[in-house]
Amino acid sequence: MRIGELAERAGTTTRALRYYEQLGLLPARRTGNGYRAYDEGDLRLLREIRMLQDFGFGLEETRPFVECLRAGHPDGDSCPASLEVYRRKLAELDECIGRLQEVREQVAGQFARAVRARDDLAVAEQPPQCELTEE
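Remember, predicted model here, so these are calculated numbers, not experimental data. (Residues numbered from 1 in each chain as written. Predicted model: local features only at pLDDT ≥ 70, side-chain atom pairs only at ≥ 80, totals over all residues. Heavy atoms only, no water.)

Caption draft 1: Fine view of the packing of helix α4 (residues 59-70) against helix α5 (residues 80-122). The N-to-C vectors of α4 and α5 enclose an angle of 155°; their axes lie 8 Å apart at closest approach. Taken together, the axes of α4 and α5 lie roughly antiparallel to each other. Crossing of α4 over α5 shows left-handed handedness. Contacts from E61, P64, F65 and C68 in α4 reach A81, S82, V85, Y86, K89 and E92 in α5. Classifying every residue of the contact of α4 with α5 gives six nonpolar, one polar and three charged. (Axes fitted to C-alpha atoms, helices over the stretch in contact; angles between N-to-C directions. Helix = DSSP H or I, 4+ residues; strand = E, 2+ residues; numbered from the N terminus. Parallel < 35°, antiparallel > 145°, perpendicular 65-115°, else oblique. Left-handed = near helix turned anticlockwise from the far one by under 90°. Contact = heavy atoms within 4.5 Å. Nonpolar A, V, L, I, M, F, W, Y, C, P; charged D, E, K, R; others polar.)

Printed below as a string of structure tokens:
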């Protein structure tokens, strides 16, 4: 198939395919008349790349998966290098989740403090008027 058909079937653009080719993620085969030629295996590579990108993997992180498929493995994640990328990504995600949990706790603490302060003002004889409240 030609580049336009591959892009359409993979749900991407011809520009992206040329970029993947430039990075060495997609093979650069040419027909006798100079057109790029692709097959179902290339479509499979692209689907693997796109799926990993949807999960938040960078293009370079997809390389071991692509190489695994090119080596003839049935799945791009059955090679040791691919498994290592998964390990690193999981550690990265765990770290990110930890930071988000810390931020959530801080925001929850600020929220609780603000609610207490508001409630304390409500029992005062003349609470200040907030510009966003209607009374």
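Here the narrative resumes, following the displayed structure.
Caption draft 2: Main features of a nonpolar patch on the surface. Together, L90, L93 and I97 make up a nonpolar patch on the protein surface, roughly 270 Å² of accessible area in all. In this structure, L93 sits in helix α5. (Patch = residues over 30% accessible without salt bridge, like charges linked within 9 Å, V, L, I, M, F, W, Y side chains within 5 Å. Areas by Shrake-Rupley, 256 points an atom, 1.4 Å probe, with all protein chains shown as cover. Salt bridge = Lys/Arg side-chain N within 4 Å of Asp/Glu carboxyl O.)

Caption draft 3: Expanded view of the pattern of salt bridges. Tallied over the entire structure, the rule returns eleven salt bridges. Of the charged contacts in the structure, one is a salt bridge between R29 and D42, with a shortest N-O distance of 2.2 Å. Of this pair, R29 sits in the loop between α2 (14-23) and α3 (40-54) while D42 sits in helix α3, placing them 13 residues apart in sequence. Accessibility expressed as a relative area gives 34% for R29, which makes it partly exposed. Residue class for D42 comes out buried when judged on its relative accessible area of 3%. (Buried < 20%, exposed > 50% of the residue type's maximum accessible area, 1.4 Å probe, protein only.)

Caption draft 4: Structural detail: the side chain of T12. Turning to its location among the elements, T12 is positioned in the loop between α1 (3-10) and α2. Judged by its relative accessible area of 16%, T12 is buried. Separated by 3.4 Å, the side chains of T12 and R50 make a polar contact. Apart from the residues within four sequence positions on either side, T12 is in contact with A7, L17 and R50. (Polar contact = N/O pair within 3.5 Å; in protein donor to acceptor, adjacent residues only side chain to side chain.)

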